[in-house]
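For reference, the chains in residue letters:
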Amino acid sequence: RNRKLTQIPVEVLRAALLEPVHRAEQLPGGKLARKVFIVDEAELLNPTGQNLLLKTLEEPPAGTVVMLVTPSEDRLLPTIRSRCQRVLFVPLTDEAVRAWLAARGTAGVTAGDLEWIVEFAQGSPGRAELALRYGLAEWGRWVLPDLDRLAKTGGTRAGSLGADMAERIDGFATAWVEAHDGGSKEAANKLASGLMWSAIATHARKRIAELAAAADPADPVAAEALVEPWLGVIDALGEAQRHLASNVNLSLVCDHLASVFARVLRGERLQPAGT
């Protein structure tokens, strides 16, 4: 998943699933071993690969389970979907994430950083693990306070916000590639930027909730004006994601994003792209 692939090659599907699924491996005592095959990012299977998988899904060998994991079910063929049982996963509660972190062990992590990680995780132990392993709580100590300072000063200047975002995204991506044989720096940059945008969006939503709670419910116009700058921050993240998807240089994307943050936090309304 971290290589520069836009699909799961058929030869990988054959070697990792279609061939071993029919091997009758035995445990001590002559019992057949149960097998579980997990196809992550199953939407990357092309139609040929999906069609090759049909017979296995329809008649799996005894004791075999095949799990297709995807956030984009619509990219799977109807014939694939009809042969599967849908299992939906929902985010864990913050209390469950705290319990998971406690069980994992968080020696040396401050209480403040732990709470930031819980908020950043959004119910996902995997995101919490990434935050712990790569020290992402630092983002909460450096990048997000810069946003608050911009808001307090009316977006007078973005300062080093763009450079700070780019540096931390690149730092995560470099560490990721070093920890994963064959990892793609391009893919790691996109993963890191997605995590950074998510952290900023979560922070913006928190500020929106605080401002909305403090607003006068009898004056919806004034309430909307209070939260609109932070809504602009969230909108700007979508534009930055589109720029990265178009292979715009990461540093340029971050510098432009910081500039847009400054503009929306001082009350400017930005026109949607293409208008």
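Predicted model only: the values in this text are computed from it and were never measured.

Novice: Describe the overall build of the protein, with residues and values.
Specialist: Counting its regular elements, the protein contains 11 helices and two strands. Listing every helix and strand of the protein by position from the N terminus yields α-β-α-β-α-α-α-α-α-α-α-α-α. Dimensions of the protein, computed from the C-alpha atoms along their principal axes, are close to 70 × 50 × 45 Å. A separation of at least 24 residues holds for 66% of the contacts in the protein among residues at least 6 apart in sequence. Carbon and sulfur atoms provide 55% of the accessible area of the protein, an area that totals close to 16,100 Å². Averaging the positions of the 31 positive and the 34 negative side-chain charges in the protein gives two centres separated by 5 Å.

Novice: Quick rundown of the packing of helix α8 (residues 161–179) against helix α11 (residues 250–265)? Include the residues and the values.
Specialist: Following both chains from N to C, one finds α8 and α11 inclined at 140 degrees, their axes separated by 7 Å at the closest point. It follows that α8 is oblique to α11 by the angle criterion. Read as a crossing pair, α8 and α11 show a hand that is right-handed. For the pair α8 and α11, contact is made by Leu 161, Gly 162, Ala 163, Met 165, Ala 166 and Ile 169 and by Leu 250, Ser 251, Cys 254, Asp 255, Leu 257, Ala 258 and Phe 261, respectively. Within the contact of α8 with α11, the residues separate by chemical class into 10 nonpolar, two polar and one charged.

Novice: Describe the packing of helix α9 (residues 185–214) against helix α10 (residues 220–245), and please don't skip the residues or the numbers.
Specialist: Put simply, α9 and α10 touch, their axes get as near as 8 Å, and they point 170 degrees apart. When the axis of α9 is compared with that of α10, the two are roughly antiparallel. Where α9 approaches α10, its residues Lys 190, Ser 193, Trp 197, Ile 200, Ala 201, His 203, Ala 204, Arg 205, Arg 207, Ile 208, Leu 211 and Ala 212 are matched on the opposing element by Leu 226, Val 227, Trp 230, Leu 231, Val 233, Ile 234, Leu 237, Ala 240, Gln 241 and Leu 244. Its residues placed into classes, the contact of α9 with α10 shows 16 nonpolar, three polar and three charged.

Novice: Would you mind going over a nonpolar patch on the surface in detail, with residue names and values included?
Specialist: A surface patch of nonpolar side chains, amounting to about 400 Å² of accessible area, comprises Val 36, Ile 38, Val 65, Met 67 and Val 69. Those elements that place two or more of their residues in the nonpolar patch are β1 (35–39) and β2 (64–68). With respect to the secondary-structure elements, Val 65 resides in strand β2.

Novice: Before we move on, could you go through the side chain of Asp 146 and cite the residues and values that matter?
Specialist: With respect to the helices and strands, the residue Asp 146 is situated in helix α7 (residues 137–152). Of the residues examined, Asp 146 reaches a relative accessible area of 13% and is grouped as buried. Non-local contacts of Asp 146, meaning those with residues more than four positions away in its chain, are made with Leu 161 and Asp 164.

Novice: Please provide a residue-by-residue account of the pairing of β1, values included.
Specialist: In regular strands, side chains alternate between the two faces of the sheet. Judged by which residues are buried, β1 turns out to be one-sided: Lys 35, Phe 37 and Val 39 face inward and are buried, whereas Val 36 and Ile 38, on the alternate face, are not. Where β1 lies against β2, five bridges are found, and the strand directions are parallel. From the neighbouring strand, Phe 37 faces β2, where its bridge partner is Val 66. On the question of chirality, the crossover connecting β1 to the parallel β2 by way of helix α2 (residues 47–58) is right-handed.

Novice: Report on the nonpolar core, specifying residues and quantitative values.
Specialist: Ranked by internal contacts, the top residues of the largest apolar core, which has 53 residues, are Trp 116, Leu 136, Met 165, Phe 172, Trp 197, Ile 200 and Phe 261. Going through the elements one at a time, α4 (94–104), α5 (111–121), α6 (125–134), α7, α8, α9, α10 and α11 are the ones with two or more residues in this core. For Leu 136, the contacting residues outside a window of four places in its chain are Trp 116, Phe 120, Leu 130, Ala 131, Phe 172 and Leu 195. Judged by nonpolar contacts, the second largest core, of 17 residues, contains Ile 8, Val 39, Leu 54 and Leu 57.

Novice: So what about the packing of aromatic side chains? Which residues, and what values?
Specialist: Across all of its chains, the model carries four aromatic pairs by this definition. An angle of 10 degrees between the planes, with centres 5.0 Å apart, marks the rings of Trp 116 and Phe 120 as stacked. Taken together, the positions of Trp 116 and Phe 120, both in helix α5 and four residues apart, correspond to about one turn of that helix. Ring geometry for Tyr 134 against Trp 176: centres 6.1 Å apart, planes inclined by 40 degrees, an arrangement best described as tilted. Taken together, the residues Tyr 134 in helix α6 and Trp 176 in helix α8 connect sequence positions 42 residues apart.

Calculation rules
- Residues numbered from 1 in each chain as written.
- Predicted model: local features only at pLDDT ≥ 70, side-chain atom pairs only at ≥ 80, totals over all residues.
- Heavy atoms only, no water.
- Helix = DSSP H or I, 4+ residues; strand = E, 2+ residues; numbered from the N terminus.
- Contact = heavy atoms within 4.5 Å.
- Areas by Shrake-Rupley, 256 points an atom, 1.4 Å probe, with all protein chains shown as cover.
- Lys, Arg positive; Asp, Glu negative; His and termini not counted.
- Charge placed at Lys NZ, Arg CZ, Asp CG, Glu CD.
- Axes fitted to C-alpha atoms, helices over the stretch in contact; angles between N-to-C directions.
- Parallel < 35°, antiparallel > 145°, perpendicular 65-115°, else oblique.
- Left-handed = near helix turned anticlockwise from the far one by under 90°.
- Nonpolar A, V, L, I, M, F, W, Y, C, P; charged D, E, K, R; others polar.
- Patch = residues over 30% accessible without salt bridge, like charges linked within 9 Å, V, L, I, M, F, W, Y side chains within 5 Å.
- Salt bridge = Lys/Arg side-chain N within 4 Å of Asp/Glu carboxyl O.
- Buried < 20%, exposed > 50% of the residue type's maximum accessible area, 1.4 Å probe, protein only.
- Pairing = 2+ DSSP bridges.
- Right-handed = clockwise from strand over helix to strand, strands pointing away.
- Core = buried A, V, L, I, M, F, W, Y, C linked by side-chain atoms within 4.5 Å.
- Phe/Tyr/Trp six-rings, centres within 6.5 Å; stacked < 30°, edge-to-face > 60°.

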